[in-house]
Structures are given as structure tokens and as C-alpha cells.
Amino acid sequence: MYILYSIPSTASCLCRSVPSHIPIFLCTYSSSLYTCVNSHNNLLTDPPWTSQRRHFSALIPKKEDGKKRVWEQSQLLDVLEARIQQLQSDIVLDVQHAKVQFVNASKSGRGASSGKSHKNVSGGRTELPKKLIQEKTTKTKKLNLKLGIEDKPVKSRKGKLILPGTSKTLKNQEPTAIQADTMAGAPVAAATVPIRKVEKLEWKLNQWAMSASPELVQDNSEARMYEGVQLSVHCYLEACVFCGDIDRAQRLLLTHHRMISRRNLLNIGLYNVMMRVWAKKGSLNQIGRMFILVEEAGLKPNLTSYCAALECMGRTPNCSPKVINRVLRQMKEDGLCVEELFRLCVFRQDERDMVLRAIHTVEPDFQPSINTVLHTCSSPLVKDFYTERADAKYPKLAFSLEELRERFSRQLSMEQASTITIHSVEAMKPVTPHMAKMRALLAEQRMVWHKALVGALRESNMILASITPKAVRLSLYPYLCLMDQKDYVDIMIQSLSNLPPSGESLHILAKELGNRVHNKFCIRMKSHNQMVDKLSHIYNEYAELLAKDSQDFDVLPRERWWKLEAEHSSGPSLLGDNTQWPHTVVVELGTYLVDLMVKHMKVNSDILNPANDRKFIPVLYHMYTFRSNKQVGFIKPHPILTQMQQDAMETTLTFDSYVMPMLCPPVPWTSAKFGAYLLTPTKMMRTVVGANQHEILLEKCQDADLHAVLDSLNQLGNAAWRINQPLLDIIISVFNDKGNEKLDIPPPNSEAPKILRYSQQDLATYSSAEKAHLKRELVKAKKKCSEMHSLRMDALYKLSIANHMRDEVFWFPHNMDFRGRTYPCPPYFNHLGSDVTRAILVFAEGKPLGPGGLKWLKIHLVNLTGLKKRSSLAGRLEYANTIMDDILDSADNPLNGKKWWQNADEPWQALACCMEIANAVRSPDPTHFISHFPVHQDGSCNGLQHYAALGRDVIGATSVNLIPCEVPQDVYSGVAQQVEEFRARDSEKGLKIAQVLEGFISRKVVKQTVMTVVYGVTRYGGRLQIEKRLKEVDDFPKEYVWDASHYLVQQVFSSLKEMFTGTREIQDWLTESARLIAKSGNTVEWVTPLGLPIIQPYHRTRTQMLKGTIQDLSLQITHDSKQKPDTVKQKNAFPPNFIHSLDSTHMMLTALYCYSAGLTFVSVHDCFWTHALTVDTMNKVCREQFVALHSQPILQELSNFLLQKYCSGLS
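Residues numbered from 1 in each chain as written. Predicted model: local features only at pLDDT ≥ 70, side-chain atom pairs only at ≥ 80, totals over all residues. Heavy atoms only, no water.

### Quick notes on the side chain of Lys 534
Okay, so step 1: Take Lys 534: it is sitting in helix α19 (residues 532-542).
Okay, so step 2: An unpaired buried charge is present at Lys 534: no salt bridge exists, and Glu 565, the closest side chain of opposite charge, is 5.7 Å distant.
Okay, so step 3: With residues up to four places along the chain from it excluded, the contact list for Lys 534 reads His 568, Ser 569, Ser 570, Gly 571, Pro 572 and Leu 574. (Helix = DSSP H or I, 4+ residues; strand = E, 2+ residues; numbered from the N terminus. Buried < 20%, exposed > 50% of the residue type's maximum accessible area, 1.4 Å probe, protein only. Lys, Arg positive; Asp, Glu negative; His and termini not counted. Salt bridge = Lys/Arg side-chain N within 4 Å of Asp/Glu carboxyl O. Contact = heavy atoms within 4.5 Å.)

Structure (C-alpha cells):
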């Protein structure tokens, strides 16, 4: 039973009337946000410079002004750098220096002649060449374009246009003869300068460089602006180093360093890449040089820098102890500790041992301390879970230690291979001579294509290697040298096999190819860093925690792994430091590979029909099509290839290794960056490609704050599964026998509608209206064929994977989205899938039914049918007993009997349950029958449950089963009933549409809209949902669909407003708060009750053009934190995302406490699964954790967080 607490009435919120249950702190927050927005708007009206003669370093940069400041410095630095080079060259040539006249900048931003030129005196006076100015201007524009910054004129306080870099007069704090007046249109002059003044000018440049270093702007938009460039350069350097092209990496870094405008884009991490290279080679001179460069760049060495220096000294024989002591002293002066070096640095190969050797030279007794103190999560919701372990019954797996270790070895081999080839379920069909011929022909062509692509890739690499790289241009060459050519070609051939007949967009295909290359590179990097042996050693010991024949432990999987890793600290770090490639690099690399495929994969035109003329034709075509009024580049296979693939019906399928379930328990999540697969890179939090806001938030968290989240993911991932073989065989037989759309088994492509072809002569006989009709029918047929192929291939993948795993026990590693909702990592085959995939999955561990297990199996079956929604559990059990004949007939003759199961809402799960009940009742003693079947307990409109609990809404809570009732309440039927009352009232008033709807308002019509309204669905979206449901009703007049859906959505919203008085008001408060936050220039953040930080990554769309050899791509980027927040998305998404985060918190709490009780527990969001024996226990835990969650002051804590985050410091 839930205890609903009342909250006293308060003042109005947001200057409007609000319900009495909204607490006063919500009003306080909203009024403070208005103050925040007003203050922000006032800031935007301030003049860009408070004084024309103030020094740059004294300015406090605002968002736009800071960006102007950096680029003003950047352009001025370019001019001063050019001046240094000119002066130095003139001194070498012993030329008499004189005044230098700089070229005036025009308002358009292009270099222009000053109108007057100074005459040379005795051949000694020189003028900065016009060509140099133009070159600098061009470079600046290119850099602006690369960073997405427009070089626009800026208005001064007097209203005159000023170009970036010419906004104010500079004052030199160091005595110098150089002064500049850079107001618009004013010439810049310098007097005769000796060598001493050149040195002073260099000193001044260093001061400017330091003033614009990332460390000084790390909290401003400039630092975020640099992130993309820094990431691109970092990945480029890492790729060069991995493929052994050290000279290219060093040359790029030095080129950026020598150009002041580019030096400002560098951070310490880029210098560290090269430091690690020279440390491996034991080159102290190069390490010293890198430290000098770091100092010149105005950066500060970090732990990784000193780690590289000490490693180099450890590799250098007879290194002087004085040098090592000097490094250690410098670390101490910089506030760095040697202990932190071993705790925080990521080591590769033998780096740690070399660092320790260097330290032992001066401190022979030093040993890094091992932190064995286990910190616990501070959330009160999990205090008992971590502190009271005496009665905990952590489950074991039904495998011996040796079996788990053998399974680990198999999984490791599969991931090292990156791909796996399995048999297709279509291979069970008898092979005809034509199929055999097509298979042989296709295999022969693939060998030809493979050879052609290897040669083309080798030739292109030779060309790229011979091209002299531009100063700052990052070419693809290093990324094409990370593996053998045949590995790249294997990836291309794999993508060709998966290409649908209708083609794929170039962007998607390129992204898939680039990601495959990146995944393979990350796996090889881990092998190269020698971490595989260490991983094997730790996992073999970790398996003792799970094995049935080992001792019992009172620690969690995360704790056990963390302790083992601390004990085996020597050698490389398991947590790799591989950097995620930028999305632009992934797509550009993939586009390059696609271009090779289009150009070099060809086939004879007469290969299928010898009567045709023989000529080489491309296998793939690049074409354009329109999607949502946008022109999209497409890669489409030639019909010859499509025909060969369809006729061959090949017996094998090739997948990436991460697509398959794991053959051993996943590596436990010990941090936000480490867990799940053995080698395949996996993020704990799924994000939009390129978004890093979530990673930054997670890095700021204390490790202990994430423990509950990590442990819940580990609990879900440790659930072992196996295949329901009898049911799988039935599904495969239906799949290979032309499918069955009613049972969600898609038919083969041969059943697709034929696409009619018309010649020009035939079309000439048709009228315009007939031609338009034929065109519509053709588009409709093509769309149907494409949909059928997609559904068929999806089913083929799932069934083939299931058939491959039919004799295996396997696991699904889990991660989460940015709201905390958990998902299995394998994308195709998992328990979150359709009715088919859920039906063929059962728990690997079996448990006896016990006294109440058979009852829960029968109730579960009735739930799957969709019947008896308003009946009590006893009523459902009674109904199941009355249809036992149908249940047994379904189990015995699923395809030839009465077929009762086919009318269920979830037919395949219903059939699986029928078979389980039949086996149980026919056993000698059903209470001892070992059942592997998962029984589901689904939430009653979970979103409304959370809203009712948050608002302490008794009426709403009753309708979603939050308080005890004799019969379960069905909110969907309740809404349908109330809408019917509204309809009847309107019908009596003579409303035509209300009269038409008589007899058509059902639970099914309104269910989807009711379910999604709490997740932010609008009236427009709700109308579309109802429209779709009405179209499925055969008897409903189609001409009234639009009017009926428009009418019903109004009634559904009105009904919900009456039934849930607090829901809409809480939604309005959340929406308004998010609107104000976004309007103030911030994205919405909050922290879940379990301590998981959440940020909404919705920003205004930015278009980025990506140059390609085959086509220029326009990338729509919506997550760029440099852009302003998207106010509409921020406000509309906050209520549903907040409820989703509460939903995931409740699930995680249930998972943790079920784990400590020894239950097998998995979830599909708000639907919880366990054995029939333990349903009652799980239900008890579920209710207890829901009450515990909503006993916390959730809304008050949210309000306090938002006030602190967005309104602190405002008066």
C-alpha cells in the first residue's frame, strides 16, 4: 500500500494560478529565473568595451565579446609574427630598417592597398608585401570557416565598423618602441628596430599567446570553440604514431606551434602525445625540447607530461639522479603528487615500470600506495543496500570456474577478430541448381572486387603519401594506414553485402564504414598496448565471484573487479585512453572508402544475360534523391548485384562482434568509461554522435556517486539467457514458408508487389490523370518493397543470431541513454525487441515453480492475451483455468490445431507460455517443475504513476493502481469511458462527428495517446496517433477520420485533466522552468535521486559542410554546445525526460534490492521480469522502492538544484 503525503497549499507560481499541491519552493525558483533572464538580457546590452584603452587581460570576456577578443588577438598576432619574420630576414641580409606601412583593411574584410606607399630610402626601406597580407587574410578566413565562425565587421562604440583584430589601442606594460593604433582605417607603423627590439617583440608575442591560452579561457565559449580542433589534431597525432609515421606527427605539431594563431588552439594533451613517443625512444633531448615548446605556448605541464619525462629517464641508462630530482621538485612546485601520477595516469605497455624505475633511482624504497578503501554511494535510497550485507544472497551462475574461463577465451577471440560469420536460417531451404550457380558466381565476383579494391587502396595511399601536406591540413593518410589494406577491403565488402536494394544514404553508409574502422583500430590499440594479458589474468580471478564451485563473497561485481585491478596495478592500465574520433573524421574516412567502392567495383554487363553487350559497369551508383524536400546523396546497388544476391540466398551472414550476445559475463562497469565488452569500445551513456556534454558531467562526479547506477547496470548484465529451442524451430519454419504478417513474421521479397514498367509508347496512350495515378501506384509499390525488405532482413538477422546461439548460454551487457534508461548493448537480438525475440528468450537458470508459480504462469498468459484487463488476479486465474483445453491444444498443435494463441496481443509469447504451462501441469509435481520462463509485471501507465505520486493526487493514484483496490484499475479504459460520456453529451446536442463516433471509442483507440501524454506528446501528435488507430478499424468511415481524430484528441486531453489534477500543473511548471533556463542561454540539467547527472543536449542546429571526393555532405549538428540552446526542444523535452529519469531510478533501485535478495531480475523499462517462483518477492521490492523513492522531497530537491545552478549570485 502506498502512503500518499499531503502538501499544504501555497502561493501562486509563475504569476499564474496553480494547484494547491505545488510547493512554495517552485514559485521561488521561477521568480528567481525571471531575475536571471532579465540580468542576462541586461548583460547583452552592455557595450563591448568599457574603455577603449583598457588592456585585453583586464577584460572579463562575455560570450560574444570573448569570441571577438580571441580573434582580434589572433589577427594581430599574425601581423606581429609576420613583422618578426621580416625583421629577422632583413637583419640577416644586413638591410637598413625603416618604417613599415601595413596595408589598410577594407570593410569587407579583404586586404586592400593603403592608397599611399612609402618610398624606399637607399634600398633599405621595405613594405610588408601585399601578397603576405592576402595570404594571412585567406588563412584567417579558412580558419574561421573550419571553426564555424563568421568574420563579420564589428561596430565600435562610436558606431563605426571595425574589423576583428582592430578594435582598440594597445598599451605595453613592458617598455618597448612598438606601439600600435589599430582603429579602423588607421595605418600601423613601426620605427627602425635593432635586434634587441626584435627580442622584445618576441617576448610580447609570448605574452599575447599566454593571454589567449586555453587555460585562461577554459570556462568561456572560446575554450569550447577550440575543442573540435583540438580533438581532430589529437586523433590525427595518435593515428600517425600508431602507424609509425612519427615525422608526420612531429611536423604537424611544430607547424601549429610556430603559427601563433594555431598555437592558441593547442592544449597540453597534444604535446603529451609526442612526449610519450620520445619517452618510448628514450630521447631526453626531444623531451626537453617538448617542455620548452609547452612553456612557449603558455601551457602548464600536467601529470601525463611528467609521467613521460620520468618514463624517458627510466629508459635512459645511467640517467643522472639530479635530473630526476629536478623533475620531482618541479612536480611538487606545480602542485602535483607522485602518488597521483600512479593513480590517475593511463599507462601503456611497460610505461608504469619505467616510471617506477626512474623514481627508484632517487627513492629506492618508494612504492605506490594501493587504495583499498571502498567508498559507498551517499544516496539514502541505497544506504541499506551497501551497509546491511549480512542477509544478502548474491546469486551465483550455474557454471564451474573452468567453464567461465573457457567462455572468456572464446569471447576474447571473437572480439579480437572484430567480426563473426554465422549461418543464415535461410540456409535450411533446399539448394536448387540456380542457387548454387549464383552463390559460386557471387563468391567469384567478391574475390575480383577484393583484389581490385586492395590495389586501388594501395595506389591511393602511395599518392597521398607523396603529396606534400599543407601547413595545417589534416589528411586522411594516417587513418588509411592503421591496418592492412585487406582489412579495409573486408569492411567494404561486408558493407556491400548489407546494402539494401533500394540503396542507402551516403552519410549513413559512410558513418557505418568509418565506425567499423574506428572499432577495429581501438581493439588493435588495446592489443598493441599489451593490456589483453592483464585483462585475462584479472577476469580469470574475477570469475571466482560468479562460479558455482568457488567460495561465497560478500562483495559486488564492481567491488571485486576494482579490488583485483588495484592488486594487479603493474603493467598497462585496463582503462585505455583512446580518443573517440570526431564525427567529421569518421564520415570523411567512410566517404573516401565509399568513393573507392563506386570507382573500382565493376561487373560485366552480360554476367546474367549473355545476350547483352559486354562492358564493365559499376556495381554501385551514386545518385541523388529527395527526402523531406532535401536533396540527399544515395549509394544504390546495380540491379544485377541485387538479382545475384536475391537468387543466391547465401548461407552465411557476417556481423560485427558487438552485435552478438556475449559468451561470458560482461566486464562489470567500474567507471563511466570502463565496462561491458572485453575489448570493444563501449560508452556507459549513449549520446548523439559527437556530443560530449554528458561525458564532461560524468567526469566531474565523484566515483562513489555513480556506484548505485554502475551496480544496477552490472546486475542487469549478469542475467544469463538461453534460447527456447522448440519455439525457435516453429518460428523459423513459418519464416521459411512465406512468413505470416498477422504473426509479425515478414514475408520474403518474392511476395512483394510487382513494380510495373511502362515504355514511352504505352505512356503516350494515357491521359494526365492516368499518368499521375500510375506514378502514385509506382511510388507506393516501391515503398512497400523497401519496407518488406527491411522487415525481412531484420527478422533474418534476429532469427539467425538466435539459431547460432541455440545451444549456448549468453549475456547482454547493458548501458543507458542520457536520461538513465537502460538498454542491452547488442542492437538486433535482445529482450527489448519484438514479440518474436522476447518469446524465444528464457532464463538460463531454472527455478522450481513452488506453490504459487503455476498460478503466476496462468495469470501471465491471460495478461499476454490482452483480455480481462479490468478483472482481478483471481478472476484472471479463473479464466485461465476455464480455457485449459485451448492452452494445451496450442502447445501441442500450434500450427494445425485451434490456433487459439494467434488471437493474443502477443501471440508468440502467449504460445511460449502455453508450452510452459503444458509442461508444468503434465509433470509429476508442478511445484517441483524447473521453470526457465520469465514472468512479466508491467507498470500501469508508469508515467502517470510518477506524476500522481509527485503531486500527491489521490484520484489519479487510484486510477493507476497506487492504492489498494478490489479490482485492478485500467486507466486507458477509464479514459475511454469518460471520453464516451463526453461524446454522448455532444451527440445529444446534435454534433455530427460525435454521432459518427458512436460505438467506435475503445480502449485501443485512446491507449497510445494516454500513455504518451505524460511524456510530452502534443495535441498534434496525439491526433496522428488516434488517426492511425481509427484507420485500423475496418467499419469506421474513412472520410471522417480527420475530424474524428481532431475531436477525440481534445476529449482525451480534457479527460486526463479532470482525472489527474496535478499532472498538467507539474508539467507546466517543468516546461516553464526549462523555457526560462534555455532563454537565459543555458541547457537544462538535473541530478536523479541516485546521483546520476543529466543534461539535455538540445542546441540550435548548425550546418557543417564536409568536403568529399564523391560528394560534399551537409551535416546537421544539433548538439554543439557552442550554439545557443534550442528553447522549444528544451522546454518540451524536460517533463518527459524528468519522468523517464525517475522511472529509471525506480528500476535501478528494484534491480539492486532484488539482487541482494538473490533474485534473477531484468527489465524492459517499466516492465520487470523474474522467475514465476519469485514474482511475489519482486512485487514486494518494487512497491517498497517506489514508496522509498517518492518519500524523498524530489520536487524540492529539483527546485533547490535549479536555483543553485542557474540563479546563484543574482540579487
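### What to know about the side chain of Gln 1051
Okay, so step 1: Following the sequence through the fold, Gln 1051 ends up in helix α39 (residues 1041-1059).
Okay, so step 2: Discounting residues that sit within four places of it in the chain, Gln 1051 has contacts with Val 979, Phe 982 and Asp 986.

### Describing the packing of helix α10 (residues 303-315) against helix α11 (residues 321-333)
Okay, so step 1: Packing of α10 against α11 brings their axes to within 11 Å, and their N-to-C directions diverge by 170°. Taken as axis vectors, α10 and α11 run roughly antiparallel relative to one another. Contacts between α10 and α11 involve Leu 303, Tyr 306, Leu 310 and Met 313 from the former and Val 323, Ile 324, Val 327, Leu 328, Gln 330 and Met 331 from the latter. (Axes fitted to C-alpha atoms, helices over the stretch in contact; angles between N-to-C directions. Parallel < 35°, antiparallel > 145°, perpendicular 65-115°, else oblique.)

### Describing helix α25 (residues 725-736)
Okay, so step 1: For α25, built from twelve residues, the straight-helix expectation of 16 Å at 1.5 Å per residue is met to within 8% by its first-to-last C-alpha distance of 16 Å.
Okay, so step 2: Every buried residue of α25 is accounted for by Leu 727, Leu 728, Ile 730, Ile 731, Ile 732, Val 734 and Phe 735.
Okay, so step 3: Each element contacted by the buried residues of α25 is listed here: β12 (720-723), α27 (768-804), α28 (835-839) and α32 (907-921).
Okay, so step 4: Looking one or two residues past α25, Lys 738 carries a phi angle of roughly 65°, positive in sign. (Expected span 1.5 Å × (residues − 1).)

### Remarks on the pairing of β12
Okay, so step 1: Examined bridge by bridge, β12 and strand β13 (residues 810-811) share two bridges and lie antiparallel to one another. Opposite Trp 721, over in β13, you have Phe 810 as the bridge partner.
Okay, so step 2: When β12 meets strand β16 (residues 841-843), the two strands line up antiparallel, connected through three bridges. Across the sheet, the residue bridging to Ile 723 is Leu 841, located in β16. (Pairing = 2+ DSSP bridges.)

### Observations concerning the sheet that holds β16
Okay, so step 1: Read across the sheet, three strands follow the order β13-β12-β16 without closing on themselves; strand pairing throughout is antiparallel. Both outer strands of the open sheet, β13 and β16, are each paired with one neighbouring strand and no more.

### Details of the UniProt feature "repeat: PPR" (unreviewed entry) in the protein
Okay, so step 1: Mapped onto this numbering, the UniProt entry annotates "repeat: PPR" (unreviewed entry) at residues 267-301.
Okay, so step 2: This span, residues 267-301, is 77% helix and 0% strand, and a straight line between its end C-alpha atoms measures 10 Å. (UniProt positions renumbered as here; feature names shortened; annotations may be inferred.)

### Examining the pattern of salt bridges
Okay, so step 1: For the structure on display, the rule yields 40 salt bridges.
Okay, so step 2: We note a salt bridge from Arg 985 to Asp 986, for which the minimum N-O separation is 3.7 Å.
Okay, so step 3: Assessed through its relative accessible area of 40%, Arg 985 is described here as partly exposed.
Okay, so step 4: Overall, Asp 986 belongs to the buried group, its relative accessible area being 12%.
Okay, so step 5: Two residues, Glu 1085 and Lys 1205, come together in a salt bridge whose shortest N-O distance is 3.5 Å. Residue Glu 1085 is located in strand β20 (residues 1085-1087), and its partner Lys 1205 is located in helix α43 (residues 1194-1206); the two are separated by 120 residues in the primary sequence.
Okay, so step 6: Residue Lys 1205 is classed as partly exposed on the basis of its relative accessible area, which comes to 40%.
Okay, so step 7: One connected set of salt bridges, linked through shared partners, spans Arg 276, Lys 280, Glu 311, Arg 315, Asp 350 and Glu 351.

### A word on a nonpolar patch on the surface
Okay, so step 1: Taken together, the side chains of Leu 756, Tyr 758 and Tyr 766 define a hydrophobic patch exposed on the protein surface, amounting to about 270 Å² of accessible area.
Okay, so step 2: Tracing the chain through its elements places Tyr 758 in the loop between α25 and α26 (760-764).
Okay, so step 3: Overall, Tyr 758 belongs to the partly exposed group, its relative accessible area being 33%. (Patch = residues over 30% accessible without salt bridge, like charges linked within 9 Å, V, L, I, M, F, W, Y side chains within 5 Å. Areas by Shrake-Rupley, 256 points an atom, 1.4 Å probe, with all protein chains shown as cover.)

### Considering the packing of α11 against helix α13 (residues 351-362)
Okay, so step 1: Between α11 and α13, the least distance of the axes is 9 Å, while the angle of their chain directions is 105°. By the angle class used here, α11 and α13 are roughly perpendicular. Contacts from Pro 321, Ile 324, Asn 325 and Leu 328 of α11 reach α13 at Ala 358, Thr 361 and Val 362.
Okay, so step 2: Tallied by class, the residues present in the contact of α11 with α13 amount to five nonpolar, two polar and no charged. (Nonpolar A, V, L, I, M, F, W, Y, C, P; charged D, E, K, R; others polar.)

### Some points on the confidence of the model for the protein
Okay, so step 1: Chain-level pLDDT for the protein is 81 on average; 81% of the residues reach the 70-or-more range.
Okay, so step 2: Segment residues 86-129 is flagged for pLDDT under 50; beyond a separation of four residues in sequence, or across chains, it makes 81 contacts in the model.
Okay, so step 3: Throughout residues 146-223 the model reports pLDDT below 50, and contacts reaching past four residues in sequence, or to other chains, amount to 167 contacts. (pLDDT = per-residue confidence, 0-100.)

### Details of the environment of Ser 505
Okay, so step 1: Tracing the sequence through the fold places Ser 505 in strand β4 (residues 504-505).
Okay, so step 2: The buried category is assigned to Ser 505, whose relative accessible area is 4%.
Okay, so step 3: Along the primary structure Ser 505 and Ile 635 are separated by 130 residues, whereas in three dimensions their C-alpha atoms are 6.1 Å apart.
Okay, so step 4: Discounting residues that sit within four places of it in the chain, Ser 505 has contacts with Val 632, Gly 633 and Phe 634.

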